[in-house]
Amino acid sequence: MSKEANLKASDFGNDFLWGVVIAAAQNEGGYKTEGRGLSIWDQFANKQGKIKGSATPSVACDFYHRYKDDLLLVKALGFKVFRFSIAWSRILPLGIGKINQEGVQFYHRLIDECLKLDLIPYVTLYHWDLPAALEKEGGWTSTHLLKWFSRYVQICTQEYGSKVKNWIVLNEPMGFTSLGYMIGKHAPGKMGLSNFLPAVHNAVMAQAEGGRIIRANVPHANIGTSFSCSEIIPATQNKKDIEAANRIDILLNRLFIEPSLGMGYPSDGFALMDKLYLHNKAWKFTERMRFDFDFIGVQNYFPVVVKYNAVIPIIQASDINAKTRKVPATDMGWEVNPNSFKNIIQQFADYPGVKKIIISENGAFYKDKIINGVINDTNRIQYFQQYLVALLKAKNSGINIAGYFAWTLMDNFEWSEGYHARFGLVHVDFKTQLRTVKQSGHWFRQFLAQ
Ligand code: BGC
């Protein structure tokens, strides 16, 4: 039998944490329910042509009303951990000012339900859904951001800290600063360096400050933050391609973790980093950008192959996509490459300050077809099998990897892709909200039971 078919959850040890992830804006819906304020995604979705199929997150999976049943599914699939995010605009509809008690109570009910079912909650404080009212004041580019975010974190940790011990400060800061404030593909749709540079710095400051607030308010907290990361592979061994790959590595992998480790911003002579440093007077903040995280959340979906490209401004680099290279890819066009998953985990583990790694997201979109009520997503099963074999190799090589959380429980609002890009272990019919466990969900259940 193949290594993949032989794999069992128990190979990872009894303490290994198996989890599944969702995010508020992608799952909850209830966008105006019980006092919730609008988020930047509610607004962005109403701008024409920004989201495939003109989709909006207004209803999504209606998790707000169906969370009890959905948690039963998490339990039935055999996961121990449930990672979800808090919608800032449910707690503070305007981002600042008055607290919305009904929103606060919703997360109490959700957390209580997790605990009742013996699911360990991992709470993400920010998964991309800034209150729209704060965006009017500059959002992540504002010099007030840190103050706004700190108050929100104070409130969440004081409310839930006696029940929730595991916290993730930010979800993929490179994701929301680059897509939202540099290339405008995600909410709030802003572009250019004058937005990107301050947004990056505020996110770096917020991730550390968030960590400090959790530490102060939550006894015995297990504090992490999550990073998107991709192994960067130079297209050739030519000097120019290697240098281009290094620039992309700085942006995609090093930019947010290194300041948190007290190393300041990475540079290696990359002019953009010098701009970032000067723009934000970053020499003043090296200490404040640092926080001693208990774990690092590594989120990996694909590697990136990079070549030098003189016509691309700022980075002078471009990627060669999976289709051009004729390598296996998901329906997102993302290369399937389990070995690169192992390599990027190693790259993050190699930082002396990283104590523990949790794979806080990994998963795949494939076009699922329901045939007679069955979703035979063999390709997704194979994806997970191959990635888990690579993960076990990484773990057995001595890296302290404490858990693996699959993205995602159920098909949901996939940002600018709308509802067509389905990553779930559970299929959702968005007309009826009917949930159907895919074969990959059944596969996970069997895998986790062994
Ligand atoms: C994000 C998720 C997203 C997933 C798939 C991650 O970058 O954290 O919100 O749905 O990737 O694109």
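We now turn to the structure provided with this report. Everything numeric in this text was worked out from a predicted model, so none of it was measured.

**What to know about the site of the ligand**
Argument step 1. In the vicinity of the ligand there are 13 residues, among which Gln-26, Asn-171, Glu-172, Glu-361 and Glu-414 approach most closely.
Argument step 2. At 2.6 Å from an oxygen atom of the ligand is found a side-chain nitrogen or oxygen belonging to Glu-414.
Argument step 3. The contact in question runs from an oxygen atom of the ligand to an N or O atom on the side chain of Trp-415, over 2.9 Å.
Argument step 4. Against a free-state accessible area of 310 Å², the protein chains account for coverage of 94% of the ligand.
Argument step 5. Looking at the shell around the ligand, its residues break down into 6 nonpolar, 4 polar and 3 charged.

**Considerations on the side chain of Asn-337**
Argument step 1. Here Asn-337 lies in the loop between helix H14 (322-325) and helix H15 (338-349).
Argument step 2. Among the residues examined, Asn-337 registers a relative accessible area of 16% and is labelled buried.
Argument step 3. There is a polar contact of 3.0 Å between the side chain of Asn-337 and the side chain of Glu-335.
Argument step 4. Asn-337 has contacts with Pro-303 and Tyr-387, leaving out every residue within four places of it along the chain.

**Here we look at the sheet that holds strand S7 (residues 295-300)**
Argument step 1. On the basis of which strands lie adjacent, the closed barrel formed by 8 strands has the order S1-S2-S3-S4-S5-S7-S10-S13 and parallel pairing. The average undirected angle you get between the axes of adjacent strands in this sheet is 25°.
Argument step 2. Two strands pair when backbone bridges link them, and S7 and strand S10 (residues 357-361) are joined in this way by 4 bridges, in the parallel orientation. Paired with Ile-296 across the strands is Ile-357, a residue of S10.
Argument step 3. Along the sheet face, helix H9 (residues 173-181) touches strand S3 (120-126), strand S4 (166-170) and strand S5 (222-229) and points at about 45° away from the line of S5.

**Side note on empty space enclosed by the protein**
Argument step 1. In total, this model carries 3 cavities of 30 Å³ or more according to the counting rule given.
Argument step 2. Computed from the structure, the largest cavity encloses a volume of approximately 60 Å³.
Argument step 3. Taken together, Ala-24, Ala-25, Glu-28, Gly-29, Tyr-31, Arg-36, Ser-39, Asp-42, Pro-57 and Ala-87 form the lining of the largest cavity.
Argument step 4. Partitioned by chemical class, the residues of the lining of the largest cavity number 5 nonpolar, 2 polar and 3 charged.

The rules behind the values
Residues numbered from 1 in each chain as written. Predicted model: local features only at pLDDT ≥ 70, side-chain atom pairs only at ≥ 80, totals over all residues. Heavy atoms only, no water. Near = heavy atom within 4 Å. Polar contact = N/O pair within 3.5 Å; in protein donor to acceptor, adjacent residues only side chain to side chain. Areas by Shrake-Rupley, 256 points an atom, 1.4 Å probe, with all protein chains shown as cover. Nonpolar A, V, L, I, M, F, W, Y, C, P; charged D, E, K, R; others polar. Helix = DSSP H or I, 4+ residues; strand = E, 2+ residues; numbered from the N terminus. Buried < 20%, exposed > 50% of the residue type's maximum accessible area, 1.4 Å probe, protein only. Contact = heavy atoms within 4.5 Å. Pairing = 2+ DSSP bridges. Axes fitted to C-alpha atoms, helices over the stretch in contact; angles between N-to-C directions. 1 Å grid on protein atoms, 1.4 Å probe; cavity = no way out; pocket = protein on both sides within 12 Å on 5 of 7 lines; lining within 4 Å. Points joined across faces, edges and corners; volume = space filled by probe spheres on them.

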